[in-house]
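For reference, the chains in residue letters:
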Protein chains: 4
Amino acid sequence: MAGNSFGTLFRFTTFGESHGPAIGCIVDGVPSRLHLDEVFIQTFLDKRKPGQSKYVTQRREPDSVQIKSGVFEGLTTGTPIMLFIENEDQRSKDYGDIKDKFRPGHADFTYDAKYGIRDYRGGGRSSARETASRVAAGAVARRVLETAPGGGISIRAAMVQMGPHKVDRSRWDWAQVDQNPFFCPDPVMAEQWAEYLDGIRKAGSSVGAVIEVVASGVPAGWGEPIYDKLDSDLAQAMMTINAVKGVEIGAGFDAASLTGEENADQMRLGPDGKPVFLSNHAGGILGGISTGQDIVVRFAVKPTSSILTPRQTVDRFGNEADILTKGRHDPCVGIRAVPVGEAMMATVLADHFLRARALGQ
Amino acid sequence: MAGNSFGTLFRFTTFGESHGPAIGCIVDGVPSRLHLDEVFIQTFLDKRKPGQSKYVTQRREPDSVQIKSGVFEGLTTGTPIMLFIENEDQRSKDYGDIKDKFRPGHADFTYDAKYGIRDYRGGGRSSARETASRVAAGAVARRVLETAPGGGISIRAAMVQMGPHKVDRSRWDWAQVDQNPFFCPDPVMAEQWAEYLDGIRKAGSSVGAVIEVVASGVPAGWGEPIYDKLDSDLAQAMMTINAVKGVEIGAGFDAASLTGEENADQMRLGPDGKPVFLSNHAGGILGGISTGQDIVVRFAVKPTSSILTPRQTVDRFGNEADILTKGRHDPCVGIRAVPVGEAMMATVLADHFLRARALGQ
Amino acid sequence: MAGNSFGTLFRFTTFGESHGPAIGCIVDGVPSRLHLDEVFIQTFLDKRKPGQSKYVTQRREPDSVQIKSGVFEGLTTGTPIMLFIENEDQRSKDYGDIKDKFRPGHADFTYDAKYGIRDYRGGGRSSARETASRVAAGAVARRVLETAPGGGISIRAAMVQMGPHKVDRSRWDWAQVDQNPFFCPDPVMAEQWAEYLDGIRKAGSSVGAVIEVVASGVPAGWGEPIYDKLDSDLAQAMMTINAVKGVEIGAGFDAASLTGEENADQMRLGPDGKPVFLSNHAGGILGGISTGQDIVVRFAVKPTSSILTPRQTVDRFGNEADILTKGRHDPCVGIRAVPVGEAMMATVLADHFLRARALGQ
Amino acid sequence: MAGNSFGTLFRFTTFGESHGPAIGCIVDGVPSRLHLDEVFIQTFLDKRKPGQSKYVTQRREPDSVQIKSGVFEGLTTGTPIMLFIENEDQRSKDYGDIKDKFRPGHADFTYDAKYGIRDYRGGGRSSARETASRVAAGAVARRVLETAPGGGISIRAAMVQMGPHKVDRSRWDWAQVDQNPFFCPDPVMAEQWAEYLDGIRKAGSSVGAVIEVVASGVPAGWGEPIYDKLDSDLAQAMMTINAVKGVEIGAGFDAASLTGEENADQMRLGPDGKPVFLSNHAGGILGGISTGQDIVVRFAVKPTSSILTPRQTVDRFGNEADILTKGRHDPCVGIRAVPVGEAMMATVLADHFLRARALGQ
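Residues numbered from 1 in each chain as written. Chains lettered and ligands numbered in written order. Predicted model: local features only at pLDDT ≥ 70, side-chain atom pairs only at ≥ 80, totals over all residues. Heavy atoms only, no water.

An unreviewed UniProt entry lists chain A under the name Chorismate synthase, with Niveispirillum cyanobacteriorum as the source organism. The annotation that UniProt attaches to chain A under Sequence similarities (unreviewed entry) is "Belongs to the chorismate synthase family." UniProt, in its Pathway (unreviewed entry) section for chain A, records the words "Metabolic intermediate biosynthesis; chorismate biosynthesis; chorismate from D-erythrose 4-phosphate and phosphoenolpyruvate: step 7/7." (UniProt positions renumbered as here; feature names shortened; annotations may be inferred.)

Dropping the structure here:
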C-alpha cells in the first residue's frame, strides 16, 4: 500500500537506498519445490550491472545477491525469499552541492516536498539502483513461469530507438542483442548508435531511448478483464521503472491512426486446426486477456537527467542557483533499463499465471 | 484482486454486463460529510451518454444513476456509496452471429479462452458500457478532491488526434472543447474532423484517437515513490479503459528523442518566491510524485472493432467464418473515452490525496 | 481498504443501510461455469430471516435476493456477481429519541465520533441487517467449495450456549439443529432455552450466546502460514459479525489450562494407511494450515443492546439522558448469528481454496 | 497476499527461518521525520529475548537488530525500513529425528501437506523465532503512535493466567509486571507461578497461558466499521501469533452469560463535560470503532508442543513412530508472547491511526 510492493499473488517488496548499507527485496507467493540458487539469479543481475562498457556508468557495483530465506537444500519452500545485495561502492565524498539544491529532472524537489527530508546521497531511494532488486525478483519469476502450461515462455527485450534513431525492423535479429552493448537487434543500427552515443557521452550530455519487451509462449486466457488487465498491469509495471515516460502495447500510439479494417487482427485456422491470428496489432492482448500471440510492450525512457551542462535550479532555502551533476553517469540510461523491462514482464506474467491457476484455468 | 476494483484508499468496484439488468459500482473510502446527490453525478454521466450526435452510437441509454447507500440527508456518511444504473435499452434480438463467432479486435476469443463461457450479448462485461460506472465513481472523486489543500483542482480532457489528424496546439482553447461533438480544443481541426469522421461513418469504418487529460492545481508531493507512483497509477488507470493501447506522461515517447539538456525542466523562483518550473516535459510528475505543475497524460485509443466490412474469423467450434458486425456503433470510440479519462484521473488523484493525508502531509 | 470488503481471492464488498433503499454485495473472484441462481441463495437467506419464531425480531424482511450480474443462462461467467436485496419494511416513524442520544452498547457514539454524521434510522450501516449480504455471499462460496478436491466439504453451525446455559455435548445431535428455533444440537437444552428465553423476552431483556461452526471435509494444506493463517482469517471473520466479543479455535481458551501432554493431538495410521489424529484440540489447524480434521470455531455474542429497561446515556449536544430502546428486537441476537457464522466460514474456506490452487496444490 | 505481510497502511513483511542465516522485516508506510535508531528497537527485542530466566528457553539469540534502510541521520525518510537480525546460534546438529517425523502439535504435518518440503531445522518458518520481527516492527509502530492526537497512547501487556491459575485482579499492579519473569501483575500469583512452572519444567512438560494487552489513550473514532474493525483486526493480529487458540475483547466469552442490562456500558458526563462510560465490557470498541476507553484484548496460548514425554506420531513415509522433542524449549511459551502481543497491538493501532488520518479525522 505504501508503494514499495508490486504484484498480487507473486509479490515482491523492495528496500534500500543507493548509498545505504544494502538493497534487496522479499519475494512472496513463490510456489514450493522450484530449483533456485544465487548463481541463477546472479546471471540476470550481471546483465544489468554497471561498468560493463564505456556506454554505462563506471560505478563498480558487484551486485552479489545472497538468498537469506525461503530456499532449503536448493529448493524453494513456499516461504518468503529474501534477496540481499550489499552496497559496496559507497564512496565517502562531499555531497554538498546536491545536498540542498534540486537537480532538474530528478526527484529531489518532489521527495523534499513530500517527506521534508531526503537521503541525498546518490539519489537515495529514487536512484535507479533500486532496479537491481527488480531484476533479482524477475529471476525468481522466471523460475515460476517454467512451471506454467506449455512451459515454454520466453521473455526477451531489445532497445529499438536511441535518441531519434530507430532500428530497422527488417533487420531484426534477436541473436544480435547480446552482441553489442546496447541490446540492439539491428547490427547496422548498433554501429550507428555506438558512434552517436560516443558523441553524447563526450559532450557530457545524455539521450533517451525506447525499449521493446516481448514474451512468447504465453497461453491464451491470462489477465483479469477490467482493472487488473494484463496490459494495464504491464503499463503500470513499466511506468514504475525510473525515467519511463510512456508505455504502449502492440500497435500502441500508431493504432490511433489506423482504421478498424487495418487494426483488428483477423483469424484463421492453423495447420493444427487451432485458431491463428493473421497479424498482431493487439500486441497479444484483447480485453485485457492474453490471446496466445507474442505479448509486445514498448516503453520510452527519458534522457538521464545528470549531465555536465550547468542547469538552472533552486535550493531548499529558496535561493536560485545553478547545478552541474558530476559523477559517473549513464549517457543513455535506457541501456540498463532493458533487463529491468524483462524482469517486470516476468513478474507480471508470474502473477497472472498464479491468478489464472487460482481460477482453475 | 479479481480485477473489478480500482484504487487503494479511494476504491471502487464495478459490476454489470451491457445487456444484463443493471450496471454500477460501490465506491468505498469516501470521507464523510461531503455534499453528494444524483444530480451532480448525472452531469458527468450525461457527458458520456451515447446518442448525443451522429458521431456516436445511437443506442439510447438514459444512464440514470441512483444512489442506493452511503448518503444521508444529502451528505456522505463515510459508508460505501452504491451507484446503480438500470439497463433500459435491452432490445431482444438475435445474437446468433456473434454468439459463436469471435469478432476480431473484440474480447470474444479471450473471454472464451479464459472462462469457457461468455455473455455474448453486446460484449457483456467487456463492453465499454462498463465505463459509465467509472464516470459515476469519478464524480464522487471530484467531490473528495474539493476538500484537498488549495481546493482548486480542475480536471479537463480533450481529444488531440483523430486518425492521423492532430490538433494545432497553437490554437488550443479549452472553451472550444464543449462547442463541438469531439471535445476538440482546436476549432479549425474540429471542422476537419467533422468532415473526416462523416466519411468514416458512412463507409461503415472506424478510426482511432488520442486523448489528453490535464489536472491543474494538484499540490506537490502526491504519489508514492516506487510502485504506486502517481504516473504508474495513471498509466494503469488509462490502460484499463476499453480500446486503449498506449499511455504517456508529459513529453512521453517524444522524450526518447530529447537530450538531457532539452528534457529536464529547469527551475527558478516565481514572483511569490516559490519555485517554478520553466517547462513541463515531466508532465507534472518527478520520481512518481507530483511537482505542482499540470499533470498531463495522453492515451491512444484504437479504432472501434465493430465495422461493416466483413472480416475473417473462426468460431467456437473450430470453423473458419466471416463476420460483419451490424448495429449502432461508434465510428470513433475515442470521443466517449474523453469523460472516462477525466474520471480515471479524478479517482487516481482522490486516492493519492487520501494516501498523502494518511502520511500527515 | 475502507472496511467494506472481505477476502483476498474470493472477495465480497457489501453496501447498504438498514433503512436505506437496498442492501447487497458484489462477489468477485468466483470461477466460471458454476451453477448459481436466486433460489439457491435464497435458501440460506431464509434461514437467517427475522420473524420466524417469537424468539427473534418480528420485523418483516422478505430479503428476496436478485442477481444483477455475473450469471448467464444459469452459470457463473467469472465476472462480478452483484446480489441485490431491497429493503421493504422501511416504516416511516419518529426516530427522535435515538436521533441524538447514544444507545449504550450500540455504535451510535463511535460512528458519531468517527464520521460526525450517522444514519440513525435503525442503526444504519452498523445494523446487523448487513449480515444478510454476508449470508448471500456465503451461498456463493459454498458453490465454489463444491469444486474443491474431495468435493465433500460440509459447513454446519449450532448454538452451544445461551446465557449461562451450555449444551451437553454427550447429547449432541446435528439432526436436532433444524428442529428447534435455536439451532440447538441438544434437544433437552433446547427446551430449557425455550423457557429461559421466554422469560428474558417478556422482561424486555436480552442475553448472549456462544455459536460453534464446524467445517468437515476440508483437505489438509489450506491456509497461509504466518499472517493469513486459516485460524487468523477465521478469527477476523467471526469478529466482524455484529456483537461478537470472542473467538476460539479447537480447545480455545481451555488450552491455556492444559499441559503439553494433554493438548497435542497424537497421530497414528488409519485403516487406509493415512495419518489420523487421535484427538482434535487443534480444531483442525496447525501452524495456520488445515490438518484435514474438522475445523472447529466458536464465537461469543454479547446480549442485544436494545432492551426495554431505561439506561443512562448522553446525547450529541452534551446532555445526560436516559434511553429506552423500543421496537422489534431479538432477545438473543446470537440465534440469527448462526447462519452468519456458517457463511463467514464458507467465504474464508473458498478464499483459501483458491489461494491453495494458485500455489499449484 | 501470500501470508507474510500484515497491515494496510502501516504494513510489515517478515522473512526468515529459525535456522537460516537471518530473519527480519520490511516496514512500509512509516511517515517521515520520526526519530528512530537501533537502540530504541533493541529495547523491545531484549524484552522478548530467550535465555533471560530459567523459565524460558536457554537458546542464546542476541537478536541484534540492524537498520538497513529507511533511516537517514537518525530520522525516518518515508521509505521502507528494513530491519535485519542475524541468526547466530545456528548449532550444527543432527536433526534426524524431527527431519521425517511429524511432531504432534507442531506445524510439521501441515507444512508437509501444503508444500511437500519443509526446513525442518528448529521449526523453520513456523518457529516462534519469527515473532522477533514483529517485535521490531512493533517498536517502529510505537514511534508512529507518538505522533497521534493526544500523543499519550500507552500499550502494556501482562500474563493473567498460567495453566489453571489466574491472577487476582484486586491485586493488579502494573508496576509488578517488570518485577517477575512472568510479566505477572499480581505479586502473590507470581510466586505461585514460579513454583508451579518449576515443577512443569523439571517434568519436561509445558503449560498454556492467557495474556492481556491493554492500550490506553487511544482516541475515539479509530477502526473501520464492517470488515476492518479495530476488534477484528486485533483478533486476526493476536491469532497470528504462534500457539494462540483464542482471542477476546473486553468481557469476551463472559459476555455470553450476561444480560443486556449488565453488559451495555452506560454513559454520563465527566467533570470536564465530556462523555464517560461507567464500565468497559466493550473493551474500548463499539461497532468496530474505538470509544476512547482502554482497549482490552486477551488471548490464550496453548502449551508448548515440544515436551520430553514421548508422543505417538507418524513419519513422512507412512510409518507409525514415537517422538520425544529434546532441546532447549520454553515450559510456558506464553511468557515470551507478552511482548509479541504488545507489538501486534502497536502495529494494528498504527495502521488505524494512519487510516483515520486518511479520512481527515
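So that's the structure; there's more coming.
Enquirer: So what's going on with the overall build of chain A? Residues and values would help.
Expert: Helix and strand content of chain A: eight helices and 18 strands. Taken over C-alpha atoms, the radius of gyration comes to 21 Å for chain A, in line with the 21 Å a tight globule of 361 residues would show. For chain A, the C-alpha atoms occupy an extent of roughly 70 × 50 × 35 Å along the three principal directions. Across chain A, the fraction of contacts at a sequence separation of at least 24, relative to all contacts at a separation of at least 6, is 70%. As displayed, chain A offers around 11200 Å² of accessible surface, 48% of which is attributable to carbon and sulfur atoms. (Helix = DSSP H or I, 4+ residues; strand = E, 2+ residues; numbered from the N terminus. Rg over C-alpha atoms; globule rule 2.2 N^0.38 Å. Contact = heavy atoms within 4.5 Å. Areas by Shrake-Rupley, 256 points an atom, 1.4 Å probe, with all protein chains shown as cover.)

Enquirer: Now, about the interface of chain B and chain D: what can you tell me, with residues and values included?
Expert: Contacts between the two partners involve nine residues from chain B, matched on the other side by nine residues from chain D. In this assembly, chain B packs against chain D so that about 800 Å² is buried in total across both faces, 71% of it on carbon and sulfur atoms. Considering only the surface of chain B that becomes buried against chain D, Arg-357, Ala-358 and Leu-359 of chain B emerge as the three largest contributors, covering 51% of it. Inspection of the region where chain B meets chain D yields zero salt bridges. The interface formed by chain B and chain D holds four residue pairs in polar contact (both at pLDDT 80 or more) in total. Class assignment of the residues belonging to the side of chain B that touches chain D gives a composition of six nonpolar, two polar and one charged. (Buried area = accessible area lost by both parts, 1.4 Å probe. Salt bridge = Lys/Arg side-chain N within 4 Å of Asp/Glu carboxyl O. Polar contact = N/O pair within 3.5 Å; in protein donor to acceptor, adjacent residues only side chain to side chain. Nonpolar A, V, L, I, M, F, W, Y, C, P; charged D, E, K, R; others polar.)

Enquirer: Before we move on, can you summarise the packing of aromatic side chains with the specific residues and values?
Expert: Inspection of the entire model under this criterion finds 52 aromatic pairs over all chains. Three or more aromatic residues joined by ring pairs form one cluster here, namely Phe-15 and Phe-84 of chain A together with Phe-15 and Phe-84 of chain D. A cation sits over an aromatic face here: Lys-114 of chain B above Tyr-115 of chain B, 5.9 Å from the ring centre. A cation over an aromatic ring shows up here: Arg-143 of chain C above the ring of Phe-40 of chain C, its NZ or CZ 3.7 Å from the ring centre. (Phe/Tyr/Trp six-rings, centres within 6.5 Å; stacked < 30°, edge-to-face > 60°. Lys NZ or Arg CZ within 6 Å of the ring centre and 35° of its normal.)

Enquirer: Summarise the relation of the copies chain C and chain D; cite the residues concerned and give the values.
Expert: When chain C is fitted to chain D, the residual RMSD is 0.0 Å, and the transformation amounts to a turn of 180 degrees plus an axial shift of 0.0 Å. What the rotation and shift describe, once combined, is the action of a two-fold rotation axis. Nearest to the rotation axis, the C-alpha of Gln-236 of chain C is located 2.4 Å from it, this being the minimum over chain C. A high fraction, 99%, of the interface residues of chain C reappear at the interface in chain D, so the copies pair face to face through one surface. (Least-squares fit on C-alpha atoms with pLDDT ≥ 70 in both.)

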